[in-house]
Amino acid sequence: MRIILRITTVDKESMGMSAETGQVRVRFAPSPTGALHIGGARTAYFNWLFARKHGGVFVLRIDDTDRQRSTEASYRQILDSLRWLGITWDEGPEVEGPFGPYRQSERLSVYREQLDRLWEQDKVYACFCSPEKLAEEREQAQREGRAPRYAGHCAGLSLEEQRRRIAAGEPHAFRLRTASTGQTVVRDVIRGEVTFDNRELDDFIVWKTDGMPTYHFASCVDDALMHITHVIRAEEHLSNTPRHVALFQALGVQPPVFAHVPMILAPDRSKLSKRHGATSVEEYREQGILPEALVNYLLLLGFSPGEDREIVSRDEAVQLFDLERVAKHAAVYDVKKLEWINAHYVHNMSPDALLDQIWPELEGRGWTGPDPAREQLAWLRTAVEFARERTRTVRDLPDMLRYYFEAPESYDEKGARKHFRPETAVRLQAAADRLADVRPFGAVEVEKAFRSLISDLGIKGGDLIHPTRLALTGVTVGPGLFDVMVLLGRDECVARMRRAAQWIELNAQS
RNA sequence: GGCCCUAUCGUCUAAUGGUUAGGACGCCGCCCUCUCACGGCGGUAAUCGGGGUUCGAAUCCCCGUAGGGUCACCA
């Protein structure tokens, strides 16, 4: 709402609208050095939501200027995770677009061109200081309690001298000339105006000795060339933003509007890491978390859709999302709430869709074949329907179906102690006998037979129902007993009940 | 250490100078019931501390404190 207001009162350029298209353009720029992190996923989602809400373009760019750590496997996995989450890109790898290529490793000539331009304009200069020397200076500065800034040894070298030494084969990097007085103001949609003293900035490196641009340089060149209007990224970049503003100025373009989203912390308020359990999208996927649920949870981490809403679909989120309402403080992630949201989506998923998800697992366990008969499918569908609301993740579903395919090999210990009394054996036998006459073998009919036996024996319902469940499934929890019995079928029920009766006679203590 | 950001129940958050500080997860209790789960009802629990400004402060300002980020030829 407020954004729309401002667009009408302020000129588009300063609002970050793309000058020529008047369109919002955002980007998500992961580096392929590992799996897609949930923090990254949330940043990607916020970018995606912002683009969708404003009819803009969502660009995916791969920041792989780090030759050492970038891997093809990570690259693929990140694309895969994003697609799984339903975060699709309008421009980027495999989709391409007018400002490609979208992998920085394929844009080297572009960066070199921009570097040469800035070099020509003396906005950038070659630096011949060795990393060792710089590290030493840095350490000394730290020991003496000074800010570890570049001393500017090479700042005064003439262009001729720079060229001469480069031609002579001297290893070199390039640094950006930065202002040492005045202030740099970063406009941040979430935090307002953040002011930095320019004396905090030194002439930082934009081009590495190995012939690759640094992250800062490549990122800004690309944001400029790709006409990015809003940079929505993690808070860890806020302190780097003055460098980026300096870079945009050097490149001669208006800086984009920034929005630094708060970080996601582990339950102990430290930075999220492996030891905190699942941190990547891929891991949650393996744990049976649904993409809709993960994306819903991520939205709630740092954003409130209002009206006390908790369950918010992608489409609703597009409507409700507002960058200015994103929280300023870091959020601790809470697996319990994720699971609750996941449970909601699982419970609302159709049995068929759930079956699709777990089918490979069912086949792997030999519980079904690749091409089941129509009745088999209907039967499975019903079993899933009963199990559905008792699980929080898709992952746990197959185990909950086990007893439909395998007779119990043992009985839950606590349950057996409680429900398998010496007198139960006879009752189970009697109940098994009664089942023979039940026609048709439906839930209503079976229950009727059971209730009448219960009444004949003069016992309470639970005295027969609980032992029967244990006899049939081996456990004390599960769907309504009569539904389970119908799915199991008369013969199987009778067999399992008689086997349990025998087990009791051998094992039950009086 | 310098600079920057942040601070409401255990956790995610609402409240944009006036509310008995609201909702959700979790936890506890009750109801439903053949168990479990779902669902329903109820409960537990918070404005980091200290100063201002104001008739009135969770909200604005200052100072502390705490947490986080950043100061790389990593991104």
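Everything numeric here is computed off the predicted structure, so don't read it as measured data.

Peer 1: I would appreciate a short explanation of the pattern of salt bridges in the present structure.
Peer 2: Pairs can form between side chains of opposite charge whenever their charged atoms are close. Going through the model one piece at a time under the given rule, you end up with 33 salt bridges. Between arginine 417 and glutamate 413 there is a salt bridge, with the nearest N and O atoms lying 3.5 Å from each other. In this pair, arginine 417 and glutamate 413 are both assigned in helix 18 (residues 413-419), four residues apart and thus about one turn of the helix distant. Note on accessibility: arginine 417 and glutamate 413 belong to one class, exposed. Residues participating in the shared-partner salt-bridge network are Arg27, Arg61, Asp63, Arg107, Asp222 and Asp223.

Peer 1: Where do I start with the layout of surface pockets in this structure?
Peer 2: Where empty space is left becomes clear once a probe the size of a water molecule has been rolled over the atoms. One number sums up the size of the largest pocket: a volume of about 1,200 Å³. Secondary-structure elements contributing two or more residues to the lining of the largest pocket are strand 1 (25-28), helix 3 (38-53) and strand 8 (230-234). Ranked by residues supplied to the lining of the largest pocket, first place goes to helix 3 with five residues. The calculated volume of the second largest pocket comes to roughly 670 Å³. Around the second largest pocket, the lining is made up of 27 residues, and of these Leu134, Arg138, Tyr150, Arg175 and Ile205 lie nearest the centre. Contributing elements (two or more residues each) for the lining of the second largest pocket: helix 6 (131-143) and strand 4 (173-176). Here the element with the most residues in the lining of the second largest pocket is helix 6; it accounts for six residues.

Peer 1: Help me out: how do you make sense of the pairing of strand 8 in this one?
Peer 2: Two faces belong to every sheet, and in a regular strand the side chains alternate between them. Counting buried residues along strand 8, five of its five residues qualify, which places the element largely inside the surrounding structure. Looking at chain direction, strand 8 and strand 9 (residues 257-261) are connected through five bridges and run parallel. In the strand pairing of strand 9, valine 231 is matched with phenylalanine 258. Note that the unit made of strand 8, helix 9 (residues 241-251) and strand 9 has a crossover that is right-handed.

Peer 1: Can you walk me through the packing of aromatic side chains in this structure?
Peer 2: Pairs of aromatic rings are described using the distance from one ring centre to the other and the angle between the two planes. Evaluated as defined, the whole model comprises 13 aromatic pairs. With a centroid separation of 5.0 Å and an interplanar angle of 45 degrees, the aromatic rings of phenylalanine 46 and phenylalanine 321 are classed as tilted. With phenylalanine 46 in helix 3 and phenylalanine 321 in the loop between helix 12 (314-320) and strand 11 (331-332), the pair connects residues that are 275 residues apart, well separated along the chain. As far as burial versus exposure is concerned, phenylalanine 46 and phenylalanine 321 are alike and both buried. Judged by centre distance (5.5 Å) and plane angle (85 degrees), the rings of tryptophan 379 and phenylalanine 405 are edge-to-face. Of this pair, tryptophan 379 sits in helix 15 (residues 374-388) while phenylalanine 405 sits in helix 17 (residues 402-405), placing them 26 residues apart in sequence. The exposure class of phenylalanine 405 is partly exposed, given its relative accessible area of 24%. Grouping aromatic residues by their ring pairs yields a cluster made of Trp367, Trp379, Tyr403, Tyr404 and Phe405. The lysine or arginine in question, arginine 163, covers the ring of tryptophan 119, its NZ or CZ lying 5.3 Å from the ring centre. Positioned above the aromatic ring of tyrosine 150, the side-chain terminus of arginine 175 is 3.4 Å from the ring centre.

Quick notes on the rules
Along each chain, residue indices are assigned from 1 in the same order as the chain's sequence is written. Chain letters and ligand numbers both follow the written order, the letters beginning at A and the numbers at 1. Reporting of local features is limited, given that this is a predicted model, to residues whose pLDDT is at least 70; pairs of side-chain atoms are given and counted only at 80 or more, and all residues count toward the totals for whole chains, interfaces and linings. Hydrogens and waters are ignored; side-chain quantities use all the structure's heavy atoms. Salt-bridge detection follows one rule: a side-chain nitrogen of Lys or Arg within 4 Å of a carboxyl oxygen of Asp or Glu. Secondary structure counts use DSSP, requiring at least four H or I residues in a row for a helix and at least two E residues in a row for a strand, with both numbered from the N terminus. Burial here depends on accessible area, computed with a 1.4 Å probe over protein chains only, as a share of the maximum for the residue type. Under 20% is buried, over 50% is exposed, and the range in between is partly exposed. The rule is simple: put a 1 Å grid over the protein atoms alone, call a set of points where a 1.4 Å probe fits but cannot get out a cavity, call an open set with protein on both sides within 12 Å along at least five of seven lines a pocket, and count a residue as lining if it has an atom within 4 Å of a point. Grid points are joined across faces, edges and corners, and a volume is the space filled by probe spheres set on the points. Note on pairing: DSSP must find at least two bridges between two strands before they are called paired. Whether a crossover is right-handed comes down to one check: with the strands pointing away from the viewer, does the path from the first strand over the helix to the second run clockwise; if it does, it is right-handed. Each pair of aromatic rings taken from Phe, Tyr and Trp, with Trp reduced to its six-membered ring, is defined by centres within 6.5 Å and is described as stacked if the planes are under 30 degrees apart, edge-to-face if over 60, and tilted in the remaining cases. Note on geometry: a ring has a charge over it if NZ (lysine) or CZ (arginine) is within 6 Å of the ring centre and within 35 degrees of the ring normal.

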